[in-house]
Amino acid sequence: MGASWESGRPVRVLQPNIENLVVWDAVAAEASYQRLLQLSRTACDEPGALLLWPESAAWPRLYPGDERLRADISALVAAGCPVLLNSVRAEGETYFNSAFLVSDEEPAPYADKRHLVPFGEYVPGRELFPFIGKLARNAGDFQAAQEIRLLPWGPERLGLSICFEVVFPLEVAAAVDAGATALVTLTNDAWYGDTAAPWQHFRAARFRAAENRRPLLRAAITGVSGLIGADGSVLDQLEPGQEGILRGRLA
């Protein structure tokens, strides 16, 4: 099994090169969203091509609650291109950091993040030490997934890693043990800025592909995005600060 240009199911990895907004700017957020949609329409150039959006690419719009986002994705699906995206998923009063594979299938299958970022996506020890929550006011309040969910795409079963989950070998291996035929990472590395961290994160993804003998598709919001073969080799990539589309096939 591996990624190939010649045969298999078409995939499109999008890198819209969206920077994180430290201060909310509605005009900048709208421009980023328009850039994401234009890139998606360009990438939807072959029937059945799976479009991979990076982590938080549509922020602050959430799927499926945001009517405009839902309509824009539906238009891409109607054009023949399912979309794999990251969004917050609500289950009552509990929230998950999730990936949805939106196609003709209803409801869209999802996979929740299993390994959360402490003080970023949850506050450890909040129950025992309530004052900690006040020290980390900007931290999210997500719940970690308690099970592995693979996203079905034709004959493929996609094993998801959201952001830094891919650095944990045993967690990625568990998805393969559960039946993943290919690996996917959706990440927002814009927080790292102009450092070595995006490249280190990318290298970890290459190790996971080689360890598990599975191709890996990596969509990063500002880089490094890549098509990684089942031996860890890089078939194609987009570096930090680049905007573009990676085209490949899963075979």
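Scroll up a little and you will see the structure.
Parameters and conventions
Residues numbered from 1 in each chain as written. Predicted model: local features only at pLDDT ≥ 70, side-chain atom pairs only at ≥ 80, totals over all residues. Heavy atoms only, no water. Helix = DSSP H or I, 4+ residues; strand = E, 2+ residues; numbered from the N terminus. Pairing = 2+ DSSP bridges. Axes fitted to C-alpha atoms, helices over the stretch in contact; angles between N-to-C directions. Expected span 1.5 Å × (residues − 1). Contact = heavy atoms within 4.5 Å. Polar contact = N/O pair within 3.5 Å; in protein donor to acceptor, adjacent residues only side chain to side chain. Parallel < 35°, antiparallel > 145°, perpendicular 65-115°, else oblique. Left-handed = near helix turned anticlockwise from the far one by under 90°. Nonpolar A, V, L, I, M, F, W, Y, C, P; charged D, E, K, R; others polar. Disulfide = S-S within 2.5 Å. Buried < 20%, exposed > 50% of the residue type's maximum accessible area, 1.4 Å probe, protein only. Right-handed = clockwise from strand over helix to strand, strands pointing away.

Participant: For this particular structure, what's the right way to read unusual backbone geometry?
Facilitator: It is generally the case that most residues other than glycine have a negative phi and that most peptide bonds are trans. Of the consecutive residues Trp-59 and Pro-60, the connecting peptide bond is found in the cis state with omega at 10°. Along the polypeptide, Pro-60 turns up in the loop between β3 (50–52) and α2 (67–78). Residues Tyr-63 and Pro-64 are joined by a peptide bond in cis, for which omega reads 0°. With respect to the helices and strands, Pro-64 occurs in the loop between β3 and α2. Its identity is not glycine, yet Ser-56 carries a phi of approximately 60°, on the positive side. Residue position: Ser-56 is located in the loop between β3 and α2. Its identity is not glycine, yet Arg-213 carries a phi of approximately 55°, on the positive side. Residue position: Arg-213 is located in the loop between α5 (197–212) and β10 (216–220).

Participant: What is the right way to look at the sheet that holds strand β12 (residues 234–238) in this model?
Facilitator: Backbone-to-backbone hydrogen bonds join strands into a sheet, with any given pair of strands oriented parallel or antiparallel. Judged by pairing direction, the sheet is mixed, and its 6 strands sit side by side in the order β7-β8-β9-β10-β11-β12 without closing on themselves. Pairing within the sheet leaves two strands with one partner each, and these edge strands are β7 (151–153) and β12. Looking at each pair of strands side by side, their axes are set apart by 20° on average, direction ignored. Here β10 runs beside strand β11 (residues 225–228); their pairing, made up of 3 bridges, is antiparallel.

Participant: Just to check I follow, could you spell out α2 for this structure?
Facilitator: Since one α-helical turn is 3.6 residues long, residues separated by three or four positions face the same way. Here α2 is 12 residues long and its end C-alpha atoms lie 16 Å apart, about the 16 Å a rise of 1.5 Å per residue gives. Lining the buried residues of α2 we find α1 (26–43), β3, β4 (83–91) and β5 (94–102). Where α2 begins, the capping side chain belongs to Asp-66, and its oxygen is found 3.1 Å from the backbone nitrogen of Arg-68. Backbone geometry just after α2 places Gly-80 at a positive phi near 105°.

Participant: Looking at this structure, I do not really get the packing of helix α4 (residues 169–177) against α5. What am I missing?
Facilitator: Axis angle and axis distance: for two packed helices, these are the angle between their axes and the distance between the axes, and together they describe the pair. Two numbers describe how α4 lies on α5: the axes approach to 10 Å, and their chain directions differ by 45°. With respect to their mutual orientation, α4 and α5 come out oblique. As α4 runs across α5, the sense of the crossing is right-handed. Residue-level inspection shows Pro-169, Val-172, Ala-173 and Val-176 of α4 in contact with α5, the latter providing Arg-208, Glu-211 and Asn-212. Of the residues assigned to the contact of α4 with α5, the class counts are 4 nonpolar, 1 polar and 2 charged.

Participant: What exactly am I supposed to notice about the state of the cysteines here?
Facilitator: Here a disulfide denotes a covalent bond joining the sulfur atom of one cysteine to the sulfur atom of another. All chains considered together, the criterion is met by 1 disulfide. Between Cys-44 and Cys-81 runs a disulfide, and the two sulfur atoms are separated by 2.1 Å. Where Cys-44 bonds to Cys-81 through sulfur, the torsion about that S-S bond is close to 95°, and the disulfide is right-handed. Here Cys-44, found in the loop between α1 and β3, pairs with Cys-81, found in the loop between α2 and β4; they are 37 residues apart in sequence, far enough to count as distant.

Participant: Is there a simple way to explain the pairing of strand β9 (residues 182–187) in this structure?
Facilitator: On a regular strand, each side chain points to the face opposite its neighbour's, so the side chains alternate between the two faces of the sheet. Most of β9 is tucked away: 6 of the 6 residues are buried. The alternating pattern of β9 places Ala-182, Val-184 and Leu-186 and Leu-183, Thr-185 and Thr-187 on opposite faces, both of which are buried. In this sheet, β9 lies alongside strand β8 (residues 156–162) in parallel orientation, the contact comprising 5 bridges. From the neighbouring strand, Gly-159 faces β9, where its bridge partner is Leu-183. With α4 bridging β8 and its parallel neighbour β9, the resulting β-α-β unit is right-handed. Bridge count between β9 and β10: 5 bridges; the pairing is parallel. The partner of Thr-185 across the bridge, within β10, is Arg-218. Viewed along the sheet, the connection from β9 through α5 into β10 turns out right-handed.

Any functional reading would require information beyond the geometric quantities listed.
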